[in-house]
Amino acid sequence: MIFEPLATSQPVPELTEFPSLGMTSHDLAVDFRRHFSITLGRDRFCMSRHYPYSALALVLRDRVMERWKHTREAYQQSDCRRAHYMSLEFLMGRALGNAMLNLGVEDEATAAVAEYGIDLEEIAEAEHDAGLGNGGLGRLAACFLDSCATLQLPVIGYGIRYEYGMFRQKIENGHQVEEPDHWLRNGNPWELERPEFMQRVKFGGRTEYYQDDHGVGHHRWVGTQDVLAVPYDVPVPGYKNGTVNTLRLWSAAATDEFDLDEFNAGDYSESVAAKNDAEHISMVLYPNDSSENGKELRLKQQYFLASASLQDVLRRWIRDHGKDFRTFADKNCFQLNDTHPTIAIAELMRQLLDEQRMDWDRAWGIVSRTMAYTNHTLLPEALERWPVRMFARLLPRLLEIIYEINARFLSEVARRWPGDTERLARMSIIEEGDEPQVRMAYLAIVGSYSINGVAELHSTLLKQGLFRDFYELWPQKFNNKTNGVTQRRWLAWCNGRQSELINSVIGDEWVVDLDQLARLLPFVEDAAFRARWREVKRANKARLATLVKSDCGVDFGLDAMFDVQVKRIHEYKRQLLNILHVIHLYDRIKRGDTDNWTPRCVLIGGKAAPGYAMAKRIIKLVNNVAQMVNSDDDVGHLLKVAFLPNYRVTAMEIICPGSDLSEQISTAGKEASGTGNMKFMMNGAVTIGTLDGANIEIREAVGEDNFFLFGLTADQVSELRGHYDPNAIIEQDGDLRRVMQLLESGHFNQFEPGLFDDIIQAIRSPHDPWLVAADFRSYIDAQQRAAEAYRDQDGWTRLSILNVAASGRFSTDRTMAEYNSEIWRLASVIPLEPSDELV
Ligand code: 26Q
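Here the structure is a predicted model, which means the values were calculated and not measured.

## Some thoughts on the overall build of the protein chain
Here is step 1: Scanning the protein chain for helices and strands turns up 33 helices and 25 strands.
Here is step 2: On C-alpha atoms alone, the protein chain measures out to a radius of gyration of 28 Å, which is about the 28 Å that the 2.2 N^0.38 rule sets for 839 residues.
Here is step 3: Along the longest, intermediate and shortest principal axes, the C-alpha atoms of the protein chain span 90 × 75 × 60 Å.
Here is step 4: Taking as baseline every contact in the protein chain between residues at least 6 positions apart, the subset at least 24 positions apart corresponds to 78%.
Here is step 5: Accessible surface, the protein chain as shown: approximately 33100 Å² in total, 49% of it carbon and sulfur.
Here is step 6: Between the averaged position of the 93 positive side-chain charges in the protein chain and that of its 121 negative side-chain charges there is a distance of 1 Å.

Written out as structure tokens, the structure reads:
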């Protein structure tokens, strides 16, 4: 073993014996030079921006590292209760700016590198986004970690260190092309490998029953093929508070015995090649933001994360408390980010039963008091199911445990509703049929003490629809936790201009208490303030226009309204409705209907799952319409359209500050929450949206006069089922008829016949679940109201300020405080500041 403990009894000198590192610009400059020339070994001939970036990252990392150790020590000393946030995705984005902001050394770092003639913004561009997530759910996990560190809550993130993150999106001839994202190629200064905490995860094999020395029966899982899980820790700094929490990401590695024992002893090359199989587990993030069912590798990833993380938690428990598990549930809880890590429920049972030899009732007592589940979708087709046969082959012992959980659960249901066999079949964790399936959401509900949705409407609909039977059984388990975003990244960091303007009138307390933004309200009436606000927005629009010019080749004029929809491409999110509006505006211009026109620049961005043909076709339509509109001399500056390739965290940091209008136009009842809506609001964009997800709460907060509402309600959407007639709607609405005529005439695909037939058919189908035609009229009218409002620039500025002032509720600081007071019940732990101990 490489990581044997030292034989000497003398511990390695600890950090606490060193003086803490200086934080002045001079201190940073000296360290920057040292890291650049000694740690990295570069000299003045080094032209790449990568090395100055790395040197600065190391300067900051050193400072983060000492606070990190202090935080760990404080948690250890206080033996505090901890929460473990388990997620297949953490969409962290860049770390350098975040570290500077949270250490409070933005100005000092800028000055330090300037001493060497280096522009900090330029070298910051060398950092690759940590794109270990698809979209909302993954970014939410990242915002949660930021807020927990700022609130000084002992919360650990557990995830997978994918070698390849979310694919890079290129646009070729209007089509999406995916490229692998090898984000670790140049190394990653923000991770710390911890091979000493390696774990072993089993797959395959079979189960055996045996009796121990006392004649007690147990199960064991044998003949397995094992994979090693190596943790890499990523620091999560809190805002200027000395706390640095941990995100622990597991990387898969082959075991040594794997080579020659399991495979033909003679065939050396093949057995070495077989190592690959094991290492593939953490190779790539699945790029679907709704479930891609039945992929074996995905199930392996889920179990790999759950098993390694739980072993890690139990290892620490046994180290600190021995094998006494009586207070385990008082000291630990686990938050499951959707069903993706839900196998943890069965895995914790397995470890307690088989490894710790606990009896079923005690083990279940621990599991069902420590697991909590967050649901992120209302779409029934997105609920995860795994074929029982696959489970049996890959995780035979886990399947046995799931069967036992199900049997005990169903007998509880049968006691409550005697003779109701239909209900038993409906609620069973195992869905019977030709190919029986494990329903992961049901396993999550049965095993958890808390089940939450992510916005008020979403949580209500879960109780009434998808999980109705379970709500009847256990109403007390269900609750709502409306999402948020961290204002550190999504305002303080990404919008320096607006932040400074806010600071100049209400100070900077909002960075840790977003409700403070309400104090902006009186300034709505201050004309000089409004003028400054408008200048800030214009400068941010200029920065966005530069991005659009360089990445799309389209000229966005700063006087136009910047109308933006960025998010994953999905039919329910209705990018199609947006582009129908664009076609309608184009049609109006071509017909000369341009009196009192409001010039518009429409920006659409987002990735389509590689296998989602309709989503990809919508991207192509946006690009074709953009091409046609932008090159038409009749249109000129009245309308511009661009599709921004490779939408990601770092792009959003430029997009939301530069937006006027935020498009949140999903079919009501389909978007669980949305979080982009909150980022736009915080950055002074006004929302046009449906009564869906958190839009409802955004509208309540800002006031109905300050939100452009349109569309059917969730109730009206469900009532329409069965008698929706889009063709009649198209017939009766002249504007929609002309839009369809343009589409159907092939105006946007003159050399690509038939290309948009599927899209046309979808709009005209009475079975269109997304009701694009149904909401067209009210959408167009709301857009017209927005356009008129924008013509009054001063009035629009009021709307913009009002939105920011009302955004306090949408901080993840509030969200985390609610998770904590109602689910986790953690005490905050304050580490000693590195300087404190010197006094
Ligand atoms: C599942 C199985 C196999 C492969 C992939 C997946 C998978 C991966 C990611 C399924 C779903 C996701 C992501 C879902 C997601 O991002 N949901 C969004 O979560 C946000 C945070 O709560 C909400 O604001 C959004 O409304 C919701 O769509």
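## Comments concerning the site of the ligand
Here is step 1: In the vicinity of the ligand, 22 residues are found, and the nearest of them are Asn 288, His 376, Asn 483, Glu 671 and Gly 674.
Here is step 2: Asn 483 has a polar side-chain atom sitting 2.8 Å from an oxygen atom of the ligand.
Here is step 3: Between the ligand and the protein, one listed contact pairs an oxygen atom with a backbone N or O atom of Ala 672 at 3.3 Å.
Here is step 4: A total of 610 Å² of accessible area belongs to the ligand in isolation, and the protein chains cover 93% of it.
Here is step 5: Counting residues per element, the shell around the ligand draws most heavily on helix α6 (residues 136-150), at 3 residues.
Here is step 6: The residue makeup of the shell around the ligand, split by class, is 5 nonpolar, 11 polar and 6 charged.

## Some points on the packing of aromatic side chains
Here is step 1: Tallying each qualifying case throughout the model produces 25 aromatic pairs.
Here is step 2: The interplanar angle of 45° and the centroid separation of 4.8 Å between the aromatic rings of Phe 710 and Tyr 779 together place this pair among those described as tilted. A residue pair is termed long-range when its members are at least 10 positions apart, and Phe 710 in the loop between β25 (708-709) and α27 (714-720) and Tyr 779 in helix α31 (residues 772-791) qualify at 69 residues.
Here is step 3: Accessibility expressed as a relative area gives 0% for Tyr 779, which makes it buried.

## Things to note about the sheet that holds strand β22 (residues 639-644)
Here is step 1: Taken together, the 6 strands give an open sheet; going across it, the order is β22-β21-β20-β23-β24-β25, and neighbouring strands pair in parallel fashion. Edge strands, defined here as strands with exactly one partner in the open sheet, are β22 and β25.
Here is step 2: Along the sheet, helix α21 (residues 527-552) makes contact with β20 (561-566), β21 (600-605) and β22, crossing β22 at roughly 70°.
Here is step 3: The strands touched by helix α32 (residues 793-805) within the sheet are β20, β23 (661-664), β24 (686-689) and β25, with β24 carrying the most contacts at an inclination of about 90°.

## A closer look at the side chain of Asn 683
Here is step 1: Relative to the elements of secondary structure, Asn 683 occurs in the loop between α25 (676-682) and β24.
Here is step 2: Apart from the residues lying within four places of it in its own chain, the contact partners of Asn 683 are Trp 490, Leu 491, Cys 494, Asn 495, Gln 498, Lys 537, Cys 656, Pro 657 and Val 804.

Calculation rules
Residues numbered from 1 in each chain as written. Predicted model: local features only at pLDDT ≥ 70, side-chain atom pairs only at ≥ 80, totals over all residues. Heavy atoms only, no water. Helix = DSSP H or I, 4+ residues; strand = E, 2+ residues; numbered from the N terminus. Rg over C-alpha atoms; globule rule 2.2 N^0.38 Å. Contact = heavy atoms within 4.5 Å. Areas by Shrake-Rupley, 256 points an atom, 1.4 Å probe, with all protein chains shown as cover. Lys, Arg positive; Asp, Glu negative; His and termini not counted. Charge placed at Lys NZ, Arg CZ, Asp CG, Glu CD. Near = heavy atom within 4 Å. Polar contact = N/O pair within 3.5 Å; in protein donor to acceptor, adjacent residues only side chain to side chain. Nonpolar A, V, L, I, M, F, W, Y, C, P; charged D, E, K, R; others polar. Phe/Tyr/Trp six-rings, centres within 6.5 Å; stacked < 30°, edge-to-face > 60°. Buried < 20%, exposed > 50% of the residue type's maximum accessible area, 1.4 Å probe, protein only. Pairing = 2+ DSSP bridges. Axes fitted to C-alpha atoms, helices over the stretch in contact; angles between N-to-C directions.

By themselves these figures say nothing about function.
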